[in-house]
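The residues making up each chain are set out below.
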There are 6 protein chains.
Amino acid sequence: MKWPNEVGEVALSRRETFSASHRLHNPNFSDEENHRLYGKCNRINGHGHNYVITVTVIAIPDQETGMIMNITELKALIHEYVLEKVDHKHLNFDVPELEGINPTAENLVIVFWHWLAEVIPHSLKFDVELIETENNSVKYSGPHKSI
Amino acid sequence: MKWPNEVGEVALSRRETFSASHRLHNPNFSDEENHRLYGKCNRINGHGHNYVITVTVIAIPDQETGMIMNITELKALIHEYVLEKVDHKHLNFDVPELEGINPTAENLVIVFWHWLAEVIPHSLKFDVELIETENNSVKYSGPHKSI
Amino acid sequence: MKWPNEVGEVALSRRETFSASHRLHNPNFSDEENHRLYGKCNRINGHGHNYVITVTVIAIPDQETGMIMNITELKALIHEYVLEKVDHKHLNFDVPELEGINPTAENLVIVFWHWLAEVIPHSLKFDVELIETENNSVKYSGPHKSI
Amino acid sequence: MKWPNEVGEVALSRRETFSASHRLHNPNFSDEENHRLYGKCNRINGHGHNYVITVTVIAIPDQETGMIMNITELKALIHEYVLEKVDHKHLNFDVPELEGINPTAENLVIVFWHWLAEVIPHSLKFDVELIETENNSVKYSGPHKSI
Amino acid sequence: MKWPNEVGEVALSRRETFSASHRLHNPNFSDEENHRLYGKCNRINGHGHNYVITVTVIAIPDQETGMIMNITELKALIHEYVLEKVDHKHLNFDVPELEGINPTAENLVIVFWHWLAEVIPHSLKFDVELIETENNSVKYSGPHKSI
Amino acid sequence: MKWPNEVGEVALSRRETFSASHRLHNPNFSDEENHRLYGKCNRINGHGHNYVITVTVIAIPDQETGMIMNITELKALIHEYVLEKVDHKHLNFDVPELEGINPTAENLVIVFWHWLAEVIPHSLKFDVELIETENNSVKYSGPHKSI
């Protein structure tokens, strides 16, 4: 096969893991309301998860390198800009950048996307998937991309 | 990080499992045609699978709760409107709502989507993935959404 | 490193999958007793699973080939002596060799072990693991080996 | 095949999951020693995991029921005697039965085994596996069984 | 439930696996540049992976058969047009159709998509996912479809 | 619960991964014999796998630390004494310590066990599991322990 005349976008995904504690709680709600909304996720000392974060960058690969971006570099960005902040931490207490944010999976994936948006090259579209348990996960593609 | 000025849609997924039997068979076809089309899936007493159903709801999260919808509620909807009907059943004989429907993976995922469309809030887009075996799966987003 | 002077037993495992229906039912029990014992697994038309069978053979590897047995041959034995009989079948109706046997996971793994005992070389110890769902599994090493 | 004249022990396993926080810390050690030993697992507010617990009971199956024990009952015992105590809890603060115990994986699996030893029938041998992350796990078979 | 009046596209996925060696190397670059770009993936004799390829075809299912295409046929196409060429091969030396192509994951998924585009019916949209390791994967939908 | 009076052995497992190429070939055999024995695994340029190595150490945990050994140290030993030698290598050409050894899974797991036996504390029993593909794996406990 000759190399195709036209090449479209490829999605490249890198998966990393971290372990953290969190408690779902909104201080604007009463204790009863928090309990009703978040159930056992509202218990005062929190609980934890082995989170799985997968970052997918999307672009036409560079013809010379055959890569969208170096996956070693993508791995390093996820470690430096996400895992260093949250791994083996209590997300409600130990992460200044999460102060005032109720660490639901939805809120976390939005925040992680923005942390990465500052360092992933602007020419790349990207999304972030966050798996909280084997049954629960979320995905975010930024404020302007429909899913 | 301050909370972003603008927030887009987040996808929230819940995974559940059920075990069921089925037989692929279309009574409008001859036995030979059924056998040719469906092979060993056409054997008369059926066979079975551990199905995995993942429902993904898509919306901008509520700012107060930090959630698209309560995943406990999503889990309850999947149990009440899908699993209660099909878990530990023979899909060709034991499920009145499937009467007359040949239980291919494609047909099942369409039907399950419609069962859920009656109870998932109309403000949410959603899709359903159905894994039949570790090698075979289908996904459906409703009649009006291109995949 | 020189090759060690003494080599002990190595365990070699091969994993295969099949899909089947079954119904848990003992005709010696009343309907009430069957229902009480087996719950939804007793429903009359049965339900199904994607079974995973892993066969492990144990021996000192042959020095010339570096193998316990050829894993291609082990795969072939599992296909011929187990999967051919049970894949895409209803275990209560379609498998003459299972006639009169209540297809609980425990009973199945015992029977599969005996089917394989007739063809796996007698110089090899072996055990069979049978995974019924991601949460339920059984393992059997034959009548004379303690687990 | 006729049913074999002689049947040996079968191992029956049930898998459950829970999410919890913990902090590795021994109050008899200095802060420096705790940090040196436990590293990031010693951080003061703890972190968390999605633990997977698998309980395996071992016995010759009952000939009438074809079961070692009813796996529904085994599931209920794990829920009542382990998960009710630890799920969505901080293991250092929220579980009276763990008071004074440093929640390393090794210590947890020993304690869980003893909780279950009080309720699993004495005629059954059993072991407990506890998976802390996809890379770390422990297994315990009680004080008298060599692994 | 009656069958819905209107049915949209369903995505049907088939997963297959193969094992192969590769070396990342661009002969237009210096050795230093190759080493800097590809790191340990540039080592001269190559290394290998258990690749997982998942092909997803997308269309409105046929009303008579209840299928998009026969998944047995899809499996056969993947085997004949991809796995036969690459399974248990060294991708840099043993595959004439890959001659001159640096076997990065991005380049491989583009090539595999084109191999399949020649044989998958033109009425079907399709994409190809290629998993290189449990942490690295790529996806391609062809030159004209945005991801 | 008070801490039990008597504590038995706990098994602690650490899982790591590496990617490598290999070719099954015994120079003492003819080409025909090699081909007959090893099939497509005998192709001249080799193929590759994502290997998964799990090392399990077994002992009574230390009462003070609550650990068998520090899992961080176990991870470091696996990296230094196994992965550094074999990751991203061609096992037939690039690893001096494997010279003259036909890299079947059985031979590899024996060799890896011996590499680790030199550095894992002698008070610990241990075994090594090596997963070659999702369907094939081996396990070794050393020359003197029956499996």
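Keep in mind that this is a model prediction, so the values were computed, not measured.

Calculation criteria
Residues numbered from 1 in each chain as written. Chains lettered and ligands numbered in written order. Predicted model: local features only at pLDDT ≥ 70, side-chain atom pairs only at ≥ 80, totals over all residues. Heavy atoms only, no water. Buried < 20%, exposed > 50% of the residue type's maximum accessible area, 1.4 Å probe, protein only. Helix = DSSP H or I, 4+ residues; strand = E, 2+ residues; numbered from the N terminus. Pairing = 2+ DSSP bridges. Least-squares fit on C-alpha atoms with pLDDT ≥ 70 in both. Contact = heavy atoms within 4.5 Å. pLDDT = per-residue confidence, 0-100. Salt bridge = Lys/Arg side-chain N within 4 Å of Asp/Glu carboxyl O.

Trainee: Account for the pairing of strand 1 (residues 10–22) of chain C, with residues named and values stated.
Mentor: Taking burial as the measure, the 13 residues of strand 1 of chain C include twelve buried ones, the bulk of the element. Bridge count for strand 1 of chain C against strand 2 (residues 47–59) of chain C is 13 bridges, and the pairing is antiparallel. Among the inter-strand pairings, Ala20 of chain C is bridged to a residue of strand 2 of chain C, identified as His49 of chain C. The sheet contact formed by strand 1 of chain C and strand 5 (residues 136–140) of chain F spans five bridges and is antiparallel. Each residue of the ladder has a partner; that of Ser13 of chain C, found in strand 5 of chain F, is Ser137 of chain F.

Trainee: Describe the relation of the copies chain A and chain D, listing the residues and the values that go with them.
Mentor: Note on the copies: chain A fits chain D at an RMSD of 0.0 Å, the axial shift is 0.0 Å, and the rotation between them is 180°. Such a combination of rotation and displacement between the chain copies is what one expects of a two-fold axis. Taking C-alpha positions as reference, the residue of chain A nearest the rotation axis is Gly48 of chain A, located at 1.7 Å. When the interface residues of chain A are mapped onto chain D, 100% of them are again interface residues, pointing to one common binding face.

Trainee: Describe the confidence of the model for chain A, naming the residues involved and giving the relevant values.
Mentor: The predicted structure's coordinates, where accompanied by low pLDDT, should not be read in detail. Looking at chain A as a whole, the pLDDT averages 96, with 98% of positions reaching at least 70. Complex prediction metrics read pTM 0.97 and ipTM 0.96.

Trainee: For the relation of the copies chain A and chain E, give the residues involved together with the corresponding values.
Mentor: Rotating chain A by 120° about the axis while translating it 0.0 Å along that axis superimposes it on chain E, leaving an RMSD of 0.0 Å. When the rotation and shift are considered jointly, the pair of chain copies conforms to a three-fold rotation axis.

Trainee: So, the pairing of strand 4 (residues 125–131) of chain D: which residues are in play, and what are the values?
Mentor: Residues and elements named next belong to chain D. Strand direction decides the pairing type here: strand 2 (residues 47–59) and strand 4, joined by seven bridges, are antiparallel. Within the sheet, the bridge partner assigned to Thr54 lies in strand 4 and is Glu129. Of the pairings in the sheet, the one linking strand 4 to strand 5 (residues 136–140) comprises four bridges and is antiparallel in character. Across the sheet, residue Leu130 finds its bridge partner in strand 5, namely Val138. The hairpin formed by strand 4 and strand 5 contains four residues between the paired strands.

Trainee: Please give an account of the pattern of salt bridges that cites residues and values.
Mentor: Taken as a whole and judged by the stated rule, the model has 30 salt bridges over all chains. Between Lys40 of chain A and Asp87 of chain D there is a salt bridge whose closest N-O contact spans 2.9 Å. Of this pair, Lys40 of chain A sits in the loop between helix 1 (31–38) and strand 2 (47–59) while Asp87 of chain D sits in the loop between helix 2 (71–86) and strand 3 (89–90), placing the two residues on different chains. Two residues, Glu134 of chain C and Arg15 of chain B, come together in a salt bridge whose shortest N-O distance is 2.6 Å. Remark: Arg15 of chain B occurs in strand 1 (residues 10–22) and Glu134 of chain C occurs in the loop between strand 4 (125–133) and strand 5 (136–140); the pair is interchain, linking two chains.

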